[in-house]
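Listed below are the residues making up each chain.
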Amino acid sequence: MARIGVTGMGTMGAALALNMADNGFQVAIHNRSPERTHEVVAEAGGLSGNLTPCDTNEDFVAALDSPRAVVIMVPAGGPVDQVIAGLEPLLDPGDLIIDAGNADFNETRRRTKELEAKGFRFLGVGVSGGEEGARIGPSIMVGGSQSAYAPVKDIIEAISAKFKGDPCADWLGPDGAGHFVKTVHNGIEYADMQLIAEAYGILQSQGRTTDEMAALFGKWNQGALQSYLIEITAEVLAAIDPESGKPVVDIILDKAGQKGTGRWTVIEALKLGQSATTVEAAVAARSWSAGLEMRASAEAAFADVASVAMASEDDLEQALLAARIIGYSQGLSLLSAASDEFEWSLDLARVAEIWRAGCIIRSALLDDISASVRAGLPHDQLILAPAFVERLSNSVAALRRVVGVAIQAGQPVPAMAAALSYFDTLRRARGTANLIQAQRDFFGRHSFERLDRDGSGFHGPWAD
Ligand code: 6PG
């Protein structure tokens, strides 16, 4: 009998099942089309002994030890509900269903309610690390009831990445907490990828070859920017397309896809009265990238705007570092607001800890981030943690220079500019919202608070 089952043998599902098998667990596997299930077993080599291929839902459920634990790894949305609907009649109360896809946390909250009302247990689990991570050790963000997690904790910890021996997996909070944290992880991932793409754009405008850029990203990966995304950027830039002999990046259409997690981060941030402007800039840039023909026309119409942006390598490195810190900071503030709103009591230091290895946004910064969060963030702001005040003080000037020359040259840097504007807005004790309040009161008698008196409900002389 199998300890756990995985249904959905796509790239991620198969990799997770093999990871479990590799860690010595007996795993029942299932896919809508059984051919794929058998393909996975055929390709599993020595691990096939730990896999039980099941062609039908009935076989799949029958292959599992009771109480059963079933991992669903199918595309988010309708497919998850369909798989649940197919399994439900075959499962018993007390059985555990785990959605390990990139679900919208609102749906996870709904499913938790529905399934728990029927006596099932349910976990919404974020898994990060791409295919390789899923196969050898992802970062795993668990949400749901703690009692539902207990029976699978050993499996989840065993298959997760380890940071100096500490499993990058943990229970983070009830219902949608795991999927929310994964969504924000992806939002930070979007921002970081966009920031890197903007640096690439600046280097390109300076006439650097892809080889030169690969070497530079490789060098940056040895310093403060050390991270998975900088590392793979160096590799990607160095890759040659075997068919054309050209750098692979030069033959890829500049039109970025997105499955929704970046957008959800922005939407949820806005709903919570928060700002995730670096993520918003990244989502927007992906959307704008779709208008290929429109962009070609706009380039023809406004061609004289573009010129080469001069920014030194050191400035670019420091600019990326500052903007990355601000991106993480926005993400953590959003998590803190969500935790308050949904009463999750999220341990943000633990979140940062389980991001230190296995996931896409793992970086040298995360160890310091978790230490700073553990020590307590002033006003829930990473940028105010002493270690980050120092880092930003040393790097923001470079971000300012890079954004300045890029804007002057007509080189788009939406995420860098968003990071800088956020930073500049936050570091002013007195901003300009007093004028907004005056305008609101003028046209709508919305009232304001005064600096020189207690209370609220004051109006300007125009109200008379
Ligand atoms: C991860 C990734 C992973 C996936 C996202 C990206 O943490 O392993 O974030 O979940 O790459 O689906 O989503 P987009 O297709 O929206 O870029």
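Summarised in this report is the structure supplied together with it. (Residues numbered from 1 in each chain as written. Predicted model: local features only at pLDDT ≥ 70, side-chain atom pairs only at ≥ 80, totals over all residues. Heavy atoms only, no water.)

### Some remarks on the pairing of strand 6 (residues 121-128)
Burial of strand 6 is extensive: 7 of the 8 residues sit out of reach of the surface. Two elements, strand 5 (residues 96-99) and strand 6, share 4 bridges in a ladder whose sense is parallel. Pairing of L96 across the sheet is with R121, part of strand 6. Of the crossover connections in this fold, the one passing from strand 5 over helix 5 (residues 105-117) to the parallel strand 6 is right-handed. (Buried < 20%, exposed > 50% of the residue type's maximum accessible area, 1.4 Å probe, protein only. Helix = DSSP H or I, 4+ residues; strand = E, 2+ residues; numbered from the N terminus. Pairing = 2+ DSSP bridges. Right-handed = clockwise from strand over helix to strand, strands pointing away.)

### Topic: the site of the ligand
If you check the shell around the ligand, you find 14 residues, and the closest are N102, S128, E189, Y190 and K259. Take G130: an N or O atom from its main chain is 3.0 Å from an oxygen atom of the ligand. A class-by-class count of the residues in the shell around the ligand yields 2 nonpolar, 8 polar and 4 charged. When residues are assigned to domains, the shell around the ligand turns out to be shared by domain 1 (4-175) and domain 2 (182-426), each giving three or more. (Near = heavy atom within 4 Å. Polar contact = N/O pair within 3.5 Å; in protein donor to acceptor, adjacent residues only side chain to side chain. Nonpolar A, V, L, I, M, F, W, Y, C, P; charged D, E, K, R; others polar. Domains from an automatic or database assignment.)

### Remarks on unusual backbone geometry
Negative phi characterises most residues that are not glycine, and trans characterises most peptide bonds. Of note, the amide linkage connecting S66 to P67 takes the cis form, showing an omega dihedral of -10°. Considering the arrangement of structural elements, one finds P67 in the loop between helix 3 (57-62) and strand 4 (69-72). Backbone geometry places D175, a non-glycine residue, at a positive phi of 30°. When you line up the elements, D175 lands in the loop between strand 10 (169-173) and helix 9 (177-205). Of note in the backbone geometry, R445 takes a positive phi value of approximately 50° without being a glycine. Within the secondary structure, R445 is located in the segment after helix 21 (433-444). For R445, a relative accessible area of 48% gives the class partly exposed.

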